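As a plain string of letters, each chain reads:
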Amino acid sequence: MTDTEAGSAAPISSVERVDDAAAGRDLASTNEPTLVPATSVGPPLGGDATAPGAPAGPRGGALFARQAGDETSSDDISSDDDDDEEGEEDDEEEEEEEDEEAGLIARGGVGIPIGEDGLPHPLLDELADDLKGRKCLVLDLDETLVHSSFKMVHQADYVVPVEIENQFHNVYVIKRPGVDAFLKAMGEIYEVVVFTASLSKYADPVLDQLDVHRVVKHRLFRESCYNNKGNYVKDLSQLGRPISESIIIDNSPASYVFHPNNAVPISSWFNDPHDTELTDLVPFLADLSTVDDVRSVLDANLYLQPTASDAHTDGVFQQL
């Protein structure tokens, strides 16, 4: 089994949501089903600020009807009680989810999966002899290295046919500026892994054409992600590599919520021909490969929070 085959555990990806008349749906989902950072999950800002039991306002019909009728039916009481119980249950479930997420973040992820044989089964094979001593660089695919769309793009670098419900649809892929040189440079100093929230039937053929220098040693897809409140999280603790020597580059903060101090943020890319972020990262990552613990350099508190547009960009190809 090759390293690539061993890593074909699951797919995911992020790409701008694009309506396609022929396909009838998006190629990649929304890691963004709405890639909103998991840390920002909470009640909506526009929620009801009225305290329970307070008058509804100038037209508080229920309030005045009670006073006029001087009677309270058992149906009214039971209905109120049911609403209160449902609200309490929802609050408890939300608190449990928040506690679980906080625990995962504190522990640094779920950890290496244990198989039915009782033995650990990391997502990656044992580090090859020719890669000994290298750190692990995990790269996202969509909006980080490439941008893909169902809509025809005349300047597409390549077109990938993808089968959806027994019909083939073309996916038009454009490469982020500098990606070829970036991958080549990283392949000389890191063990390179592409970890995407997309399905392999889309991501594999894209990587076959993108990885011209054959530097990507492992490919991980959606099924290798951890589903956290609808977000696809790339849990570095499951890779089987030392966390102190693992780095992730992803345009979606929700993808690395368990390991913010192992992340190098990057903006979502769609088609800007003047973008230089991958090129600019090369010298920084070269220096980072020499430190003992990458977390001593990558401090999540140093980075600004992502914009709303960045939070919702990854996802078109996660519905594959």
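Parameters at a glance
Each chain carries its own residue numbering, running from 1 in the direction its sequence is written. Owing to the predicted nature of the model, reporting of local features is limited to residues with pLDDT of at least 70; listing and counting of side-chain atom pairs is limited to 80 or more, with chain, interface and lining totals taken over all residues. Only hydrogens and water are removed before side-chain values are computed, so all heavy atoms of the structure are retained for them. Here a strand is any run of E in DSSP of at least two residues, a helix any run of H or I of at least four, and the numbering for each starts at the N terminus. Three exposure classes are used, based on accessible area relative to the maximum for each residue type with a 1.4 Å probe and protein chains only: buried under 20%, partly exposed in between, and exposed over 50%. Areas reported here follow the Shrake-Rupley algorithm with a probe of radius 1.4 Å; residue values treat only the protein chains shown as occluding. Note on terminology: a nonpolar core comprises buried Ala, Val, Leu, Ile, Met, Phe, Trp, Tyr and Cys residues joined through side-chain atoms within 4.5 Å. In what follows, residue pairs with any heavy atoms lying within 4.5 Å of each other are defined as contacts. Paired strands are those between which DSSP finds at least two bridges. Interaxial angles span 0 to 180 degrees and are taken between N-to-C directions of axes, which are lines fitted to C-alpha atoms, for helices over the stretch in contact. To be clear, the arc concerns the directions from the helix axis to the C-beta atoms. Asp and Glu count as negative and Lys and Arg as positive, but His and the ends of the chain are not part of the count. Salt-bridge detection follows one rule: a side-chain nitrogen of Lys or Arg within 4 Å of a carboxyl oxygen of Asp or Glu. What qualifies as a polar contact is a pair of N or O atoms within 3.5 Å, subject to a donor-acceptor requirement within protein and to the restriction that residues adjacent in sequence count only when both atoms come from side chains. A patch consists of residues whose relative accessible area exceeds 30% and which take part in no salt bridge; residues with like charges are grouped when within 9 Å of each other, and nonpolar side chains (Val, Leu, Ile, Met, Phe, Trp, Tyr) when within 5 Å. Charge coordinates come from a single atom per side chain, which is NZ of Lys, CZ of Arg, CG of Asp or CD of Glu.

## Some details on the overall build of the chain
Thinking step 1. Regarding its fold elements, the chain presents 7 helices and 10 strands.
Thinking step 2. Going through the 320 residues of the chain one by one, you find that 43% of them count as buried.
Thinking step 3. Accessible surface, the chain as shown: approximately 16500 Å² in total, 49% of it carbon and sulfur.

## Examining the nonpolar core
Thinking step 1. Ranked by internal contacts, the top residues of the largest apolar core, which has 37 residues, are Leu141, Leu145, Phe182, Leu210, Ile249 and Leu285.
Thinking step 2. Only β1 (135-139), β3 (158-164), β4 (167-175), α4 (179-187), β5 (190-195), α5 (200-210), β9 (246-250) and α6 (277-288) provide two or more residues apiece to this core.
Thinking step 3. Per-element tally for this core: the top contributor is α5, with 5 residues.
Thinking step 4. Not counting the four nearest positions on each side in its chain, Leu285 is found in contact with Phe182, Met186, Ile189, Tyr190, Ile249 and Val264.
Thinking step 5. With 15 residues, the next largest nonpolar core counts Val138, Phe195, Ala197 and Leu239 among its residues.

## Things to note about the sheet that holds strand β6 (residues 216-220)
Thinking step 1. Strand order across the open sheet formed by 5 strands is β6-β5-β1-β9-β10, with parallel pairing between neighbours. Since the sheet does not close on itself, it has two edges, and those belong to β6 and β10 (263-265), each with one partner. Averaged over all adjacent pairs, the angle separating strand axes in this sheet is 25°, with direction ignored.
Thinking step 2. Sheet topology note: the β1/β9 ladder contains 4 bridges and is parallel. Across the sheet, Val138 pairs through a bridge with Ile248, a residue of β9.
Thinking step 3. Contacting β1, β5 and β9, α4 crosses the sheet at an angle of about 130° to β5.

## Overview of the sheet that holds β4
In a beta sheet, neighbouring strands pair by backbone hydrogen bonds and run either parallel or antiparallel.
Thinking step 1. The antiparallel open sheet is built from 3 strands, whose spatial order is β2-β4-β3. At either end of the open sheet lies a strand with only one pairing partner, and these are β2 (146-149) and β3. Looking at each pair of strands side by side, their axes are set apart by 30° on average, direction ignored.
Thinking step 2. Sheet analysis places β3 next to β4, joined by 7 bridges and oriented antiparallel. Within the sheet, the bridge partner assigned to Glu163 lies in β4 and is Phe168.
Thinking step 3. Sitting on the sheet, α5 touches β2, β3 and β4, and the angle it makes with β3 is about 160°.

## What to know about α4
Thinking step 1. When we look at burial in α4, the residues that qualify are Val179, Phe182, Leu183, Met186 and Gly187. Angular distribution of buried residues about the axis of α4 spans 125°; they occupy a single face of the element.

## Quick look at the pairing of β9
Thinking step 1. In terms of residue burial, β9 counts as a mostly covered element, since 5 of its 5 residues are buried.
Thinking step 2. Neither face of β9 is left uncovered, since the one carrying Ser246, Ile248 and Asp250 and the one carrying Ile247 and Ile249 both have all their residues buried.
Thinking step 3. As defined by bridge partners, β9 adjoins β10 across 3 bridges and the pair is classed as parallel. Following the sheet pairing, Ile249 is matched in β10 by Val264.

## What to know about the pairing of β5
Thinking step 1. In terms of burial, β5 is a largely internal element, 6 of the 6 residues being buried.
Thinking step 2. Alternating positions in β5 separate into two faces, Tyr190, Val192 and Val194 on one and Glu191, Val193 and Phe195 on the other, with burial throughout.
Thinking step 3. Strand direction decides the pairing type here: β1 and β5, joined by 5 bridges, are parallel. Across the sheet, residue Leu137 finds its bridge partner in β5, namely Val192.
Thinking step 4. Bridge count between β5 and β6: 4 bridges; the pairing is parallel. The residue of β6 that forms the bridge with Phe195 is Leu220.

## Regarding the side chain of Asp142
Thinking step 1. Residue position: Asp142 is located in the loop between β1 and β2.
Thinking step 2. Salt bridges are absent for the buried Asp142, whose nearest opposite-charge side chain, Lys234, sits at 8.1 Å.
Thinking step 3. Of note is the side chain of Asp142, whose polar atom sits 2.4 Å from the side chain of Tyr202.

## Quick word on the side chain of Ser255
Thinking step 1. Mapped onto the elements of the fold, Ser255 is located in the loop between β9 and β10.
Thinking step 2. Of the polar contacts made by the side chain of Ser255, one reaches the side chain of Asp250; its length is 3.4 Å.

## As for a negative patch on the surface
Thinking step 1. Judged by side-chain charge, Asp90, Asp91, Glu92, Glu93, Glu94, Glu95, Glu96, Glu97, Glu98, Asp99 and Glu100 come together as a negatively charged surface patch.
Thinking step 2. Along the chain, Glu98 turns up in helix α3 (residues 74-107).
Thinking step 3. Overall, the relative accessible area of 35% leaves Glu98 in the partly exposed class.

## What about the environment of Pro265?
Thinking step 1. Positionally, Pro265 belongs in strand β10.
Thinking step 2. For Pro265, a relative accessible area of 29% puts it in the partly exposed group.
Thinking step 3. Sequence separation of Pro265 and Thr144 is 121 residues, and the distance between their C-alpha atoms is 9.8 Å.

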